[in-house]
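Structural features, examined
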Amino acid sequence: MLYSKKCLSTLLFFGKRMLVSLVFLQAMFALSAQTTMPVPTPQQLTWHDTEFYLFFHFGPNTFTNVEWGHGTETEDIFNPTDLDCEQWCRVAKQAGARGIVITAKHHDGFCLWPSKYSKHTVRESKWRDGKGDVLRELSDACRRNGLKFGVYLSPWDRNHPQYGTPEYNDVYVNTLTELLTNYGELFEIWWDGANGEGPNGKKQVYDFHRFEELAARLQPNAVVFSDIGPGCRWVGNERGLILTETNWCTLDTAGFQRGLGAPHNDTLNRGNENGAHWIPAECDVSIRPGWFYHQEEDNKVKTPDQLWDIYVHSVGRGANLILNVPPDRRGRIHENDSLSLLAFGEKVRGAFQHNLAAGKKAIMPEIRADNSKKQNSYLLDGDRSTSEKITPGNKGIQIDLGKKQVFNAILLREAIAEGQNIQAFKVEVWENGKWHEIARSTTIGARKILCFPEHKSRKIRITVEASKKAPALSEVEVYKI
Ligand code: FUL
């Protein structure tokens, strides 16, 4: 009896300990689930900073006046009379772009470089006596001009005889290898989800897993674009816009595919708040109605104001912007496009030239652990690598501009290296002895530009109202645009 009582209490003792351990383990799991929220890779962080770049659609379609060539076009049709990649780069830089992505091959299968794995290339054309290589000229010009270089290699190929057979995946791997090894470092590799029929009437089952593995191995610093990443995602429209205030850099991809099997366009636009992977949005749009050059669209080039509007709704909502500017039949950027881009570039440079908050005071009352009301400079130091944690229940960050200033825009950057957390925030100004709310929004992410009517005040207050975990901000900038 005594023995069994002892036995029972021993069992109870160990049972309790096991229960405590179980609860402890569960708590540890919950904590580690919390701490393993998706964060960008170093490559994606660099990509976020690239912000805005140009896209060039160029190839047989430029000469046949169509958007999707059939792949049956004679190679001689490709014959730019005055190809000038230096001019492309000049225009890109004046527009404020930091890189260029070109259609190395579009759906018609024509290769802008002399690929060993195709008979439908610049080598078979009259251009430069078959000795030309657009990618060589452009990648060299990019490097001379300090621009990043990227390629679009359409998986859909309406020319290649092996398209629609398993061997085409080898062809694609071989052509991709040429691009990834012969033209220096790439910052982006662009895949769309188009999957139509090839010359034999068959569709291809793409081996994207293999393509991804190859890209990661040969160009580890490149970010791969597609509907579902893995580096960055399509934004769900071709107007270059994040359509709502909310843009999460995270996305769930399990069970989805590129093309018809992609997540809903709304999801691609907003991301998934608690998505499993860091796959930020890239906004693509053309400066003209079409992706390729068409003379009849010379007067339909987007104005600098239209481009600015796109910029605020893409870059200003935490996405990157890839703006297509199709070279013409000379192989130059048409005057109408370059004039518009130049004015747009000047507008952006002018808008963000003078940050009224630079080096001023940021006061964070009540929110510091030591309650020291320390004046914080990390938020106003122009250094994106420094940041300030904002603890829950904060009463806002007060920016003191030193004297009354007129402003109508604010630019905020979340410290995304630690993940994306902010769900809601508001902006107030101090006017007539009180705080007045002038703007509110949801996510911040890589950056948020908020424009509002002009205010004249010395003080601005930014309050994070809801966030997933304690967020961190890296910069607060104030402008009169
Ligand atoms: C799409 C293509 O079908 C269009 O022609 C264009 O290249 C656009 C950027 O991507 O998938």
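For every chain, the first residue of the written sequence is number 1, and numbering continues from 1 along that sequence. Local features in this predicted model are restricted to residues whose pLDDT is 70 or higher, and side-chain atom pairs enter the listing and the counts only when it is 80 or higher, whereas totals over whole chains, interfaces and linings include all residues. To obtain the side-chain values, all non-hydrogen atoms of the structure were included, while hydrogens and water were left out.

Concerning the pattern of salt bridges
Salt bridge, as used here, is a side-chain nitrogen of Lys or Arg placed within 4 Å of a carboxyl oxygen of Asp or Glu. On inspection of all chains with the given rule, the structure shows 29 salt bridges. In this structure, the salt-bridge partner of R332 is D82, at a minimum N-O distance of 3.7 Å. One end of the pair, R332, is in the loop between β10 (320–324) and α10 (335–351); the other, D82, is in the loop between α3 (60–64) and α4 (85–95), and 250 residues separate them in sequence. E124 is the salt-bridge partner of R123, the closest N and O atoms lying 3.0 Å from each other. Categorising residues by exposure relies on relative accessible area from a 1.4 Å probe, with only protein chains included: less than 20% of the type maximum marks a residue as buried, more than 50% marks it as exposed, and the intermediate range marks it as partly exposed. Using a relative accessible area of 33% as the deciding quantity, one classes R123 as partly exposed. Residues joined in a network through salt bridges with shared partners are D49, E51, R98, R384, R413, R447 and E477. A run of H or I in DSSP becomes a helix once it reaches four residues, and a run of E becomes a strand once it reaches two; helices and strands are each numbered from the N terminus.

What about the site of the ligand?
Each residue is tested against the molecule or strand, and it is near if at least one of its non-hydrogen atoms lies within 4 Å. Around the ligand, a shell composed of F55, H57, W68, H106, H107, Y152, W190, D192, E238 and W291 is seen. N or O atoms within 3.5 Å of each other form a polar contact, as long as, within protein, one can give a hydrogen and the other can take it, and as long as residues adjacent in sequence are counted only when both atoms are side-chain atoms. H107 is positioned with one of its side-chain polar atoms (N or O) 2.8 Å from an oxygen atom of the ligand. D192 is positioned such that a nitrogen or oxygen atom in its side chain is 2.8 Å from an oxygen atom of the ligand. Only the protein chains shown count as covering a residue, and every accessible area follows the Shrake-Rupley method with a 1.4 Å probe. A total of 290 Å² of accessible area belongs to the ligand in isolation, and the protein chains cover 89% of it. Tallied by class, the residues present in the shell around the ligand amount to five nonpolar, three polar and two charged. Under the scheme applied, nonpolar residues are Ala, Val, Leu, Ile, Met, Phe, Trp, Tyr, Cys and Pro; charged residues are Asp, Glu, Lys and Arg; polar residues are all the others, including Gly.

Details of unusual backbone geometry
G229 connects to P230 through a cis peptide bond whose omega is 20°. Phi at E51 is positive, roughly 55°, even though this residue is not glycine. Relative to the elements of secondary structure, E51 occurs in the loop between α2 (42–50) and β1 (52–56). Classification of E51 as buried rests on a relative accessible area of 7%. One non-glycine residue, N432, lies in the positive phi region at around 50°. Its place among the elements puts N432 in the loop between β15 (422–431) and β16 (434–441).

A look at the state of the cysteines
Cysteine sulfur pairs qualify as disulfides if the two atoms are within 2.5 Å. Across all of its chains, the model carries zero disulfides by this definition. Of all cysteine sulfurs, the one in C89 lies closest to C142, which takes part in no disulfide; the gap is 4.2 Å. Residue classification places C142 among the buried positions, given a relative accessible area of 1%. No disulfide involves C232; its nearest neighbouring cysteine sulfur is the one of C283, lying 10 Å away. For C232, a relative accessible area of 0% corresponds to the buried category.

Looking at the domain arrangement of the protein
For interface size, the figure often reported is the accessible area lost on association. As far as domains go, the protein holds domain 1 (42–351) and domain 2 (361–479). Domain delimitation follows an automatic or database domain assignment. Between domain 1 and domain 2, the C-alpha centre-to-centre distance is 36 Å. The largest contributions to the domain 1 side of the interface with domain 2 come from E245, W248 and W278, which together make up 30% of the buried area. At the boundary of domain 1 with domain 2, the tally comes to five salt bridges. As a salt-bridge pair, E51 and R413 come within 3.5 Å of each other at their nearest N and O atoms. Sorting elements by how many residues they give to the side of domain 1 that touches domain 2 places α2 first, with three residues. Its residues assigned to classes, the side of domain 1 that touches domain 2 shows nine nonpolar, seven polar and five charged. A 1.4 Å probe defines the accessible area here, and the buried area is the portion of it lost by two parts on being joined, summed over both.

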